[in-house]
Amino acid sequence: MTDPRPSAPSRDEKRQMKSAARLYAVQALFQMEASGQSADKVRVEFETYRFGEEVAGEELAEGDVDLFRKLIDDTVNWQAKIDQMTDRALVAKWPIARIDPTIRALFRVAGAELTQSDTPPKVVINEYVDVARAFFPEGREPKFVNAVLDHMAREARPEAF
């Protein structure tokens, strides 16, 4: 007889759900900036229509809802501090306002995770470099993201290095 209770996600499934939540958080931040929608409205849309849904015949990954919510809230609440930290990590001629909006959203979400969570900085950097690869598979953006996030991580959590 099979157990009728749903099994808890495996360790690998939990990791994949966290990775999906990070990707969704970057997309949500991008959408908030591009459309002027509130964090609450975008959060509801993502949780209702994106997490695990099928789009164009392809099933989207199930995301870690709690991590997604925390990333959105922390990014919105700490955006000014994160933007200042990002500006310090960028070349003087490239303030955050001149950065591609997808990369800007990525820096903001990653900055929130670096400053507001216990996730090891190297894990945060690797996760968001992977997000950059998802958006820019052929470009140099992942290397750029790696360099900027490394600088931000060393400022936010120097004890980890």
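Structure's up top.
All values reported here derive from a predicted model rather than from experimental measurement.

With that settled, the discussion passes to the pattern of salt bridges. A full pass over the atoms with the stated rule returns 15 salt bridges. Between Arg22 and Glu113 there is a salt bridge, with its nearest N and O atoms 2.6 Å apart. One end of the pair, Arg22, is in helix H1 (residues 11-35); the other, Glu113, is in helix H5 (residues 101-116), and 91 residues separate them in sequence. The same class applies to Arg22 as to Glu113, namely buried. Taking the shortest distance from any N to any O, the salt bridge between Arg157 and Glu159 comes out at 3.9 Å. Residue classification places Glu159 among the exposed positions, given a relative accessible area of 60%.

So, on to H5. Here H5 spans 22 Å end to end across 16 residues, near enough to the 22 Å set by a 1.5 Å rise per residue. Of all the 16 residues making up H5, 13 are buried; the element is thus mostly covered by neighbouring parts of the structure. N-cap assignment for H5: the residue whose side-chain oxygen lies 2.8 Å from the backbone N of Thr102 is Asp100.

A few words now on helix H2 (residues 39-49). Turning to H2, its buried residues number three or more, namely Ala39, Val42, Arg43 and Phe46. Along H2, the residues classed as buried sweep out an arc of 105 degrees about the axis, all on the same side. In this structure, H2 carries Asp40, Lys41, Val44 and Tyr49 as exposed residues pointing more than 90 degrees from its buried face. Considering only its buried residues, H2 is in contact with H1 and helix H3 (65-77).

Parameters and conventions
Residues numbered from 1 in each chain as written. Predicted model: local features only at pLDDT ≥ 70, side-chain atom pairs only at ≥ 80, totals over all residues. Heavy atoms only, no water. Salt bridge = Lys/Arg side-chain N within 4 Å of Asp/Glu carboxyl O. Helix = DSSP H or I, 4+ residues; strand = E, 2+ residues; numbered from the N terminus. Buried < 20%, exposed > 50% of the residue type's maximum accessible area, 1.4 Å probe, protein only. Expected span 1.5 Å × (residues − 1). Polar contact = N/O pair within 3.5 Å; in protein donor to acceptor, adjacent residues only side chain to side chain. Arc of directions from axis to C-beta. Contact = heavy atoms within 4.5 Å.

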